[in-house]
Structure formats: structure tokens, C-alpha cells
Amino acid sequence: MLDQAEGLRQLAMGNTSSQNTRIITVTSGKGGVGKSNFVVNLAISLQKLGKKVLIFDADIGMGNDDVIMGIFPRYNIFNVINEDMDILEVMAEGPMGVKLLPGGSGINRIEDLNSDERERFLSKLNSLNNFDYIFIDTGAGINRSVLAFISSSDELFVITTPEPTSITDAYSLVKAVSHFRIKNKAKIIVNKAFDYEEAGLTFRRFQGAADKFLNIKLEYLGPILEDKRLTQSVRNQKPLVVGYPNSDAGKDIQEIAKGLIGEKNLKEGSGIQNLFKRIFNIFS
């Protein structure tokens, strides 16, 4: 599973061009921690603050960002690769203008493309460089595709909850990233916390273990409180920050969005074409 580690390392060390798009992989050590809900609501919050955001649903076979957004895309990356559709035809528009690019089974086809097909696919990505943020919503756990997306992106966000199993699995993921030197830093979000004290304690324990045993810097992106209105928003297929913007969790996510915009001294992002070039190299 990790035999591509050297290639992942090399790609993570460079390949940055002067683009303004920040490409962020959002992942978790296990399922059920609220990763996709976080991605969708963070994207909408950033869009409300005047940013242009694209979500790339890269959870192979299990993607549900469209359901959370209350939209029903007809196509995915598979149609771009296999049927030569334009990428703008495949993208769907969600709340507040957030764009969604469904990965679907098309991600599995990447490693089968010949050089001409790859170049043709890359040429279609020119129209996607006008986004401020592209969030890659991966599957949970440690596997080849998750590590590939982490390596190919500019930044890594890891979602955990205060539950011991969630923390253990998130630590294992960060340990793999550190061990194979794929990234030297990651940002942690503590979701479903009873209160801010519990969230902070969860992060400090996580950070303490990482500082002691791993060669990776962890930053606290923020807490998100447990909120029953999140469950209601999923049932209604109306994202939390749209249906319940003043809920505890909704306000927490919006604060995280403001924090991202307020970050300074960040290097420029790599751009969507370089993202897929890296992915092609890894899956070759």
C-alpha cells in the first residue's frame, strides 16, 4: 500500500507554481467524524465571505458531498475521462455558488490513461484556476489514494473527534504522513466536542504525542461543538451554515473560515493543473 512513498515524498517537496488557488486535502483517520459536512459548510462559509470555492469529492465510491449540498449531479470525472466531456459540464453548483466536481469511479481510471489522454484531460483544467480554494474531500483512513491526494495538495487538514478511537486513527494517519515525509505540517480540527475545553484538551494531547514521537508540526485550526441541528440539516439536505447559520457548530465553522482568510505569509498555491499532474505521476 505504501510502496509509492518515495514518489509521494518527491512530489511533496516541490512542484509549486505561481498560482493563487490553495488546494487543501481534508481527510480523517476513520469515518463518521463529520469530514464531508465540514468540507461543505466550510466551502459555503468561504463563498459567503467573497471567495470562490470548488469541492473535489475524491471519496471513491462513497462520496456524499452532493447529498449534503442537496444537489444531484448527472456526471463526474469519469465522463470527462471516458466521454471527453468538458469539465465545466461536469461541475455542479451548490448553495451560495460553491462548485462541486464529483470524482466517482473516474478516479480509478486515472492510472489507465495514456499520455495523450492525460494531456487532453489536463488541458481541460485551465478554466479551474480562477478558484481561491479547492478542497479535496478524500475517503477516510490510510490508503494509496488518500496519501496521493495529501501529497499532491498544498495543505493538509485532518478531522478528529474527542473519541479515543477517532484520535488513535487520526494519529495513525498523521504518523504515516510524517514517516514517509509526505508533509511536514498539518492542521487539526476537533469536531463534535461537548465544549471548547474538551476540544482544546483533545488537540493538546494529540499535539503532545506528535511533538514527542513524530516529525510533523500540528496546528489547531479550530473546534466545532456537537450540535443536533447538524443532524437536522443533513436530513433536510440543507447545509448547516445555510439552514442554521447561528447554531453553535455553524458559528464555529464560520470562525474557521474567517481564520483561513486571515492567514498571512502563506506561499501561493500550486494550481489545479499541477494537482492532477502530480496525481498522474503517483498513479503511473
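See above for the structure.
A quick note: this is a predicted structure, and the numbers were derived from the prediction, not measured. Within any chain, residue numbers begin from 1 and follow the written order of that chain's sequence. This being a predicted model, a pLDDT of at least 70 is required before a residue's local features are given, and a value of 80 or more before pairs of side-chain atoms are given or counted; all residues contribute to the totals for chains, interfaces and linings. The side-chain numbers reported here are obtained from all heavy atoms of the structure, hydrogens and water having been left aside.

Caption draft 1: Inspection of the overall build of the protein chain at higher detail. Check the secondary structure of the protein chain and you find 13 helices and 8 strands. Long-range contacts, defined here as pairs at least 24 residues apart, represent 82% of the contacts in the protein chain between residues at least 6 apart. Of the accessible surface of the protein chain, which amounts to about 12700 Å², a share of 47% is contributed by carbon and sulfur atoms. We count a stretch as a helix when DSSP gives it H or I for four or more residues in a row; a strand needs E for two or more, and each element gets its number in order from the N terminus. Only heavy atoms matter for contacts: two residues are in contact if any of them lie within 4.5 Å across the pair. Residue-level accessible areas treat just the shown protein chains as cover; the underlying method is Shrake-Rupley with a 1.4 Å probe.

Caption draft 2: Spatial organisation of the layout of surface pockets. Note on definitions: the grid is 1 Å and covers protein atoms alone; a cavity is a set of points where a 1.4 Å probe fits but cannot get out; a pocket is an open set with protein on both sides within 12 Å along at least five of seven lines; lining residues have an atom within 4 Å of a point. Grid points are joined across faces, edges and corners, and a volume is the space filled by probe spheres set on the points. Quantified by volume, the second largest pocket comes out at close to 250 Å³. Lining the second largest pocket are 17 residues, with Gly32, Gly34, Lys35, Ser36 and Asn64 sitting closest to its centre. Broken down by element, the residue count for the lining of the second largest pocket peaks at 3 residues, all from helix H2 (residues 35–48).

Caption draft 3: Quick peek at the sheet that holds strand S6 (residues 155–160). Two strands are counted as paired when DSSP detects at least two bridges linking them. The strand order S3-S4-S2-S5-S1-S6-S7-S8 describes an open sheet built from 8 strands, whose pairing is mixed. Edge strands, defined here as strands with exactly one partner in the open sheet, are strand S3 (92–93) and strand S8 (217–225). Direction of pairing for S6 relative to strand S7 (residues 185–193): parallel, over a ladder of 4 bridges. Each bridged residue has a counterpart across the sheet, and for Thr160 the counterpart in S7 is Val190. Axis definition: a line fitted to C-alpha atoms, limited for helices to the stretch in contact. Angles are taken between N-to-C directions and run from 0 to 180 degrees. The strands touched by H2 within the sheet are strand S1 (22–28), strand S2 (53–58), strand S5 (133–138), S6, S7 and S8, with S5 carrying the most contacts at an inclination of about 170°. This element, helix H9 (residues 196–213), spans S6, S7 and S8 of the sheet and lies at about 160° to S8.

Caption draft 4: Region of interest: the pairing of S5. Most of S5 is tucked away: 6 of the 6 residues are buried. Exposure categories follow from relative accessible area, calculated using a 1.4 Å probe and restricted to protein chains: below 20% of the type maximum is buried, above 50% is exposed, and the middle band is partly exposed. Alternating positions in S5 separate into two faces, Tyr133, Phe135 and Asp137 on one and Ile134, Ile136 and Thr138 on the other, with burial throughout. Here S2 runs beside S5; their pairing, made up of 6 bridges, is parallel. Bridging from a neighbouring strand, Ile55 pairs with Phe135 of S5.

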